[in-house]
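So the chains spell out like this:
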Amino acid sequence: MATAGDTRPEPLVSASVDLNGMPGFMLDVQRLFASELWAIASGDEFKAAVALWGRAWQQSPPGSLPNDERLLASFSGNAAKWKKLRAIALKGFVECSDGRLYHKTLCEDVNAAWAKRLKFRERTSAATAAKIARNRSEEHTSELQSHHDLVCRL
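Residues numbered from 1 in each chain as written. Predicted model: local features only at pLDDT ≥ 70, side-chain atom pairs only at ≥ 80, totals over all residues. Heavy atoms only, no water.

### A closer look at the overall build of the chain
- On a plain count of helices and strands, the chain comes out with six helices and three strands.
- Its helices and strands taken in sequence order, the chain reads α-α-α-β-α-α-β-β-α from the N to the C terminus.
- Looking at the chain as a whole, 27% of its 154 residues qualify as buried.
- Contacts in the chain between residues at least 24 apart in sequence constitute 69% of all its contacts with a sequence separation of at least 6.
- Of the roughly 10300 Å² that the chain leaves accessible, carbon and sulfur atoms contribute 56%. (Helix = DSSP H or I, 4+ residues; strand = E, 2+ residues; numbered from the N terminus. Buried < 20%, exposed > 50% of the residue type's maximum accessible area, 1.4 Å probe, protein only. Contact = heavy atoms within 4.5 Å. Areas by Shrake-Rupley, 256 points an atom, 1.4 Å probe, with all protein chains shown as cover.)

This is how it looks when you write it as structure tokens:
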């Protein structure tokens, strides 16, 4: 991804991360109220920032946005004022070596959600494997019992 001399960081979320089915993220209000965004944003700037967070959550990879001014303007919910809102609305986003914009805090939440999803899948897979093994064992025991009953009747 990164080329020699490219100082942009690697993407903050792996391209393989898929949060489909997770419609939203938790908002840490203490962190928000302590942020620069909360302290300096106008109402329109704040609204645009939150709209971009929501759009970034739904992107692939999640937590990122395409680095395209027309799309960013549209995603902000206020394309007419985008140039005025841009600097504050994009607070927390950083351009990475894949050319996309990643929101540092949101990506932390993305990676945590992805880790939980993988752990859940692992537990579900293990439980399914255990159930299959148990069913096979019960079937085998039942077959042995049937065979035993047949032999005893002879």
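### A look at the nonpolar core
- Core analysis: the biggest nonpolar cluster contains 29 residues, and Leu52, Leu65 and Phe93 have the highest contact counts within it.
- For this core, the secondary structure elements donating two or more residues are α3 (43–58), α4 (69–75), α5 (82–89), β3 (101–103) and α6 (104–153).
- With six residues, the top contributor of residues to this core is α3. (Core = buried A, V, L, I, M, F, W, Y, C linked by side-chain atoms within 4.5 Å.)

### Observations regarding the sheet that holds β3
- Within the open sheet, the three strands sit side by side as β1-β3-β2. Their pairing is antiparallel. Both edges of this open sheet fall to β1 (64–65) and β2 (93–95), since each of them pairs with a single strand only.
- As defined by bridge partners, β2 adjoins β3 across three bridges and the pair is classed as antiparallel. Note on β3: the bridge partner recorded for Phe93 is His103. (Pairing = 2+ DSSP bridges.)

### What to know about the pattern of salt bridges
- On inspection of all chains with the given rule, the structure shows seven salt bridges.
- Residue Asp44 is joined to Lys81 by a salt bridge in which the shortest nitrogen-to-oxygen separation is 2.9 Å. With a gap of 37 residues between them, Asp44 in helix α3 and Lys81 in the loop between α4 and α5 connect regions that are remote in the sequence.
- By sharing partners, the salt bridges in this structure join Asp6, Arg8 and Glu95 into a single network. (Salt bridge = Lys/Arg side-chain N within 4 Å of Asp/Glu carboxyl O.)

### Some remarks on the packing of α3 against α5
- Interhelical geometry of α3 versus α5 gives an angle of 70° and a closest axis separation of 9 Å. Between α3 and α5, the angle falls in the class roughly perpendicular. In the packing of α3 onto α5, the handedness of the crossing is right-handed. The segment α3 lies against α5, with Asp44, Glu45, Ala48, Ala49 and Leu52 engaging Trp82, Lys84, Leu85, Ile88 and Ala89.
- Of the residues contributing to the contact of α3 with α5, the split by class is seven nonpolar, no polar and three charged. (Axes fitted to C-alpha atoms, helices over the stretch in contact; angles between N-to-C directions. Parallel < 35°, antiparallel > 145°, perpendicular 65-115°, else oblique. Left-handed = near helix turned anticlockwise from the far one by under 90°. Nonpolar A, V, L, I, M, F, W, Y, C, P; charged D, E, K, R; others polar.)

### Structural notes on the packing of aromatic side chains
- By the definition in use, this model includes four aromatic pairs.
- Judged by centre distance (6.5 Å) and plane angle (80°), the ring pair of Phe46 and Trp53 falls under edge-to-face.
- Exposure remark for Trp53: the relative accessible area of 9% places this residue in the buried category.
- Among the aromatic side chains, those forming a connected cluster through ring pairs are Phe33, Trp38, Phe46 and Trp53. (Phe/Tyr/Trp six-rings, centres within 6.5 Å; stacked < 30°, edge-to-face > 60°.)

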